[in-house]
Amino acid sequence: MANLNVNINGLLMNNPVMTASGTFGYGKEYEDFVDLEKIGGIIVKGTTLHKREGNPYPRMAETPSGMLNAVGLQNKGVNYFINHIYPQIKDIPTNMIVNVSGSSIESYVKTAEAINELEKIPAIELNISCPNVKKGGMAFGVSIQGASEVVSAVRKVYKKCLIVKLSPNVTDITEIARAAEASGADSVSLINTILGMAIDAEHRRPLLSTVTGGMSGAAVKPIALRMVWQVAKAVKIPVIGLGGIMNARDAIEFILAGASAIQIGTANFIDPTITVKVVEGINDYLERHHYKSINDIIGALEI
Amino acid sequence: MNKHILDLTVVENIKLHTNYVLLKMTHELTLPPMMPGQFAEIKIDGSSTTFLRRPISINYVDKEKNEVWFLIQLVGDGTHQLSKVNKGDKVNIILPLGKGFTLPQSNIHKKCLIIGGGVGIAPLLYLGEQLLVNGNQPVFLLGARSKQDLLQLDNFQQLGLVYTTTEDGSCGEKGYVTQHSILSHERFDIIYSCGPKPMMVSVAKFAKANHIECEVSLENKMACGIGACLCCVENTNEGHLCVCKEGPVFNIKQLLWQI
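For every chain, the first residue of its written sequence is number 1, and the numbers climb from 1 along that sequence. The order in which chains are written sets their letters, starting at A; the order in which ligands are written sets their numbers, starting at 1. The predicted nature of this model means local features are confined to residues of pLDDT at least 70 and side-chain atom pairs, given and counted, to a pLDDT of 80 or more, with totals for whole chains, interfaces and linings taken over all residues. Only hydrogens and water are removed before side-chain values are computed, so all heavy atoms of the structure are retained for them.

Some words on the overall build of chain A
Item 1. For chain A, the helix and strand inventory stands at nine helices and 16 strands.
Item 2. Only C-alpha atoms enter the radius of gyration; for comparison, a globular chain is expected to reach 2.2 Å times N to the power 0.38, where N is the number of residues. Relative to the 2.2 N^0.38 estimate, which gives 19 Å for 303 residues, the radius of gyration of chain A is 18 Å and therefore close to what a compact globule would have.
Item 3. For the C-alpha atoms alone, the extent of chain A along its principal axes is close to 55 × 50 × 40 Å.
Item 4. Sorting the 303 residues of chain A into buried and exposed places 61% on the buried side.
Item 5. Restricting the contact set of chain A to residue pairs at least 6 apart, pairs at least 24 apart contribute 72%.
Item 6. The method behind every accessible area is Shrake-Rupley, applied with a 1.4 Å probe, and residues are considered shielded solely by the protein chains displayed. If you sum the accessible surface of chain A, you get close to 11900 Å²; carbon and sulfur atoms cover 51% of it.
Item 7. Charge assignment: positive for Lys and Arg, negative for Asp and Glu; neither His nor the chain ends contribute. Here the site of a charge means atom NZ of a Lys, CZ of an Arg, CG of an Asp or CD of a Glu. Treating the 28 positive side-chain charges of chain A as one cloud and the 28 negative ones as another, the clouds have centres 5 Å apart. Counting from the N terminus, the helices are DSSP H or I runs at least four residues long and the strands are E runs at least two residues long. Accessibility here uses a 1.4 Å probe with only protein chains present; expressed as a share of the type maximum, an area under 20% marks a residue as buried, one over 50% as exposed, and anything in between as partly exposed. Contacts are assigned to residue pairs that have any heavy atoms within 4.5 Å of one another.

Dropping the structure here:
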């Protein structure tokens, strides 16, 4: 067995495989299928200061090798999370990480402050990249100034590992990554979904209630991989790669491109056991190539 | 009820007519308990345009033969590929999923009307059988476009009285299920329904106006099938609920339909 331990600026994980926010519920949903302990970290559903109903149905459209979603951060708010969900998930023996979103700097700060008090939550992932909400979300993630302001403000109140999730819907993702790093982020995760659209030609209507939505799945992998490679060269903090990872080989590509850890999202819908298969697959790869540790291949791409 | 990922083996693939197949599947171990109205997420191989699993109702469970049946309407490339499986093929399936129909307590004998339309009859066969096993009297009212679209009539007739409507009048009364004369002649305690949404809305209106308990099964587009992605929500009096987890069966009192 190779050493799969990774260190994301103080966040210690048994392996580099995490689940992407919004695709794994609160972890409990997958208990019948996988031993959650075997996953490096679970990033739970996006949480906001106040309850959000999310967008109207329909919220999902299948696309070739992918899907669009427009869920719109449906969640019951941070107080409900603390009082009702946290007690149920705090003893899951892996890193339980909360994805934090907001509509204003103040709401991001208040939510992060509240989560900071939770002993068993070692990190947050600051979502400045959700394409499916009208206010906030991606608005902060598409400008250097917006990203700097929200990350700096949250950094002041959040004392543990601060991961910032980046949007691919920008001209140059490395600028935003650098801004997050300069504002105190411990790590960046990328990519969130790519803004897309689907049309029902027969009825001349959009397939999503919001017309546009976030694209994920195998089809986005080459774009995600390119962005992870660019960002890993641009920042010194650890990079967490995600976007269309369907198997261990995909995960290794991201790690070779410079990701210290990876997240699996949409693939969970097709194979709810994929996370543990990817952990095993990464180990097999390391053994086959005679590497002792996962750290030996992070950014090991030869050009 | 625990959810399982199983490689089921195809026992039989029966072409019902051009647009429908009935797949009977088994497993080397005893199949897990399943409730009528629950569904499965079926992985489709060999279709380049099919990325997600397909949610398919549990049509029937034959406990003696350790079989689960799926009635499949051929809609797109995914269901077309699925319809090509042969005896002995393995199909990867997650089941059972969702919350099924509420069966009356076994000591209370209820007169149940089961209304199905088109391929919406799929979950109703197992429902009818379970109602009968529990001492209730299921009566079926099944509607379709024409005679050839009325599926599994023989199976339904073994469980109770079957009334039919067809839009072209080729079988039973001409028209829609909600226009059938049985509804004005007989009184029922509970109505269960599955079919196209306009049909279920009409059924819900009838049930509400006549103060009859009514449950309907929805088929919102879904991705994960287990309540993780929140894509398939229905707006209810408790807010957005996942059809895959809190449904697919809902009491009409929960829904915000204009009825």
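Quick look at the sheet that holds strand β6 (residues 66-69) of chain A
Remark on secondary structure: sheet strands pair via backbone hydrogen bonds, oriented parallel or antiparallel.
Residues and elements named next belong to chain A.
Item 1. At least two DSSP bridges between two strands are needed for those strands to be called paired. With antiparallel pairing, four strands are arranged side by side in an open sheet as β5-β6-β14-β11. Single-partner strands in this sheet number two, and they are β5 (60-63) and β11 (194-197). Between one strand and the next, the sheet's axes are offset by a mean angle of 40°, whatever the strand orientation.
Item 2. Of the pairings in the sheet, the one linking β5 to β6 comprises four bridges and is antiparallel in character. Bridge pairing links Glu62 to Met67 in β6. Lines fitted to C-alpha atoms define the axes here, with helix axes fitted over just the stretch in contact, and angles between the N-to-C directions of these axes take values from 0 to 180 degrees.

Brief notes about the interface of chain A and chain B
Item 1. On the chain B side, the residues contacting the 33 residues of chain A number 30 residues.
Item 2. What gets called buried area is simply the loss in accessible area from a 1.4 Å probe that two parts show on being joined, summed for both. In this assembly, chain A packs against chain B so that about 2500 Å² is buried in total across both faces, 62% of it on carbon and sulfur atoms.
Item 3. For chain A, the biggest contributors to the area lost against chain B are A:Tyr57, A:Glu62 and A:Ile270; these three give 25% of the whole.
Item 4. Every case where a carboxyl oxygen of Asp or Glu lies within 4 Å of a side-chain nitrogen of Lys or Arg is listed as a salt bridge. One salt bridge connects A:Asp32 with B:Lys3, and the closest N-O pair in it is separated by 3.9 Å.

Some details on the packing of aromatic side chains
Item 1. The pairing test for Phe, Tyr and Trp rings, Trp by its six-membered ring, is centres within 6.5 Å, and the orientation test on the planes gives stacked under 30 degrees, edge-to-face over 60, and tilted for anything in between. Under the definition given, this model contains eight aromatic pairs over all chains.
Item 2. On the basis of an interplanar angle of 85° and a centroid distance of 5.5 Å, the ring pair of B:Phe101 and B:Tyr192 is categorised as edge-to-face. With B:Phe101 in the loop between β7 (90-97) and β8 (111-117) and B:Tyr192 in strand β12 (residues 190-194), this pair connects stretches of sequence that are 91 residues apart. This pair shows no difference in class: B:Phe101 is buried, exactly as B:Tyr192 is.
Item 3. The aromatic ring of A:Trp229 is capped on one face by A:Lys233, whose charged end is 3.5 Å from the ring centroid.
Item 4. The rule for a charge over a ring is simple: NZ of Lys or CZ of Arg within 6 Å of the ring centre, and within 35 degrees of the ring normal. Across from the ring centre of B:Phe188, 5.2 Å away, lies the NZ or CZ of B:Lys111, which sits over that ring.

Considering the pairing of strand β14 (residues 233-236) of chain B
All names here are of chain B.
Item 1. Bridge count between β14 and strand β15 (residues 239-242): four bridges; the pairing is antiparallel. Note that in β15 the partner of Glu234 across the bridge is Leu241.
Item 2. In this structure, the hairpin formed by β14 and β15 is closed by a connection of two residues.

Some words on the side chain of A:Asn283
All names here are of chain A.
Item 1. Following the sequence through the fold, Asn283 ends up in helix α9 (residues 274-288).
Item 2. Relative accessible area serves as the criterion here: at 8%, Asn283 is assigned to the buried category.
Item 3. Counted as a polar contact is a pair of N or O atoms within 3.5 Å, where, for protein atoms, one must be capable of donating a hydrogen and the other of accepting one, and residues adjacent in sequence contribute only when both atoms are in side chains. For Asn283, the side chain forms a polar contact with the main-chain nitrogen of Ala2, separated by 2.8 Å.
Item 4. Setting aside residues no more than four positions away along its own chain, Asn283 makes contact with Met1, Ala2 and Leu4.

Some thoughts on the pattern of salt bridges
Item 1. Using the criterion set out here, one finds 15 salt bridges over all chains in the structure.
Item 2. A salt bridge links A:Glu62 to B:Arg54; its shortest N-O distance comes to 2.6 Å. With one member in each of two chains, A:Glu62 in strand β5 and B:Arg54 in strand β4 (residues 54-57) form a pair that bridges those chains.
Item 3. Assessed through its relative accessible area of 24%, A:Glu62 is described here as partly exposed.
Item 4. For B:Arg54, a relative accessible area of 19% corresponds to the buried category.
Item 5. Here B:Lys253 makes a salt bridge to B:Glu213, at a shortest N to O gap of 2.7 Å. Within this pair, whereas B:Lys253 is found in the segment after β16 (249-251), its partner B:Glu213 is found in strand β13 (residues 213-217), the two being separated by 40 residues in sequence.
Item 6. The exposure class assigned to B:Lys253 is exposed, which follows from its relative accessible area of 59%.
Item 7. Residue classification places B:Glu213 among the partly exposed residues on the basis of a relative accessible area of 38%.
Item 8. A cluster of three or more residues bridged by salt bridges with shared partners is formed by A:Lys90, A:Asp91 and A:Lys120.

Thoughts on the environment of B:Val162
All names here are of chain B.
Item 1. Here Val162 is to be found in strand β10 (residues 162-166).
Item 2. Counting along the chain gives 80 residues from Val162 to Leu82, while the straight-line C-alpha distance between them is 30 Å.
Item 3. In this view, Val162 contacts Phe140, Leu142, Leu153, Phe156 and Gln157; residues no more than four positions away in its chain are not counted.

A closer look at the packing of helix α6 (residues 221-234) of chain A against helix α7 (residues 248-256) of chain A
Residues and elements named next belong to chain A.
Item 1. Contact geometry for α6 and α7: axes closest at 9 Å, N-to-C directions at 25°. Of the possible angle classes, the one that applies to α6 and α7 is roughly parallel. Note on element contacts: α7 touches α6 through Asp250, Glu253 and Phe254, opposite Lys221, Ala224, Leu225 and Val228.
Item 2. In the scheme used here, Gly and all other residues not listed as nonpolar or charged are polar, with Ala, Val, Leu, Ile, Met, Phe, Trp, Tyr, Cys and Pro taken as nonpolar and Asp, Glu, Lys and Arg as charged. Here the residues of the contact of α6 with α7 sort into four nonpolar, no polar and three charged. Every angle not falling under 35 degrees, over 145, or within 65 to 115 is termed oblique; those three ranges are roughly parallel, roughly antiparallel and roughly perpendicular.

Some points on the state of the cysteines
Residues and elements named next belong to chain B.
Item 1. The disulfide criterion is simple: two cysteine sulfur atoms within 2.5 Å. Taken as a whole and assessed by the stated rule, the structure comprises zero disulfides over all chains.
Item 2. Just so you know, Cys112 is unpaired, no disulfide at all, and the nearest cysteine sulfur is the one on Cys214, 12 Å from it.
Item 3. On the basis of relative accessible area, Cys112 is assigned to the buried category, the value being 0%.

A short note on a nonpolar patch on the surface
All names here are of chain A.
Item 1. Patch criteria: residues need more than 30% relative accessible area and no salt bridge. Like-charged residues are merged within 9 Å; nonpolar side chains of Val, Leu, Ile, Met, Phe, Trp and Tyr are merged within 5 Å. On the surface, Met197, Ile199 and Val211 cluster together into a nonpolar patch covering about 280 Å² of accessible area.
Item 2. Tracing the backbone shows Ile199 in strand β12 (residues 199-200).
Item 3. In this structure Ile199 comes out as exposed when scored by relative accessible area, which is 55%.

Everything listed here is a matter of geometry and, on its own, says nothing about what the molecule does.
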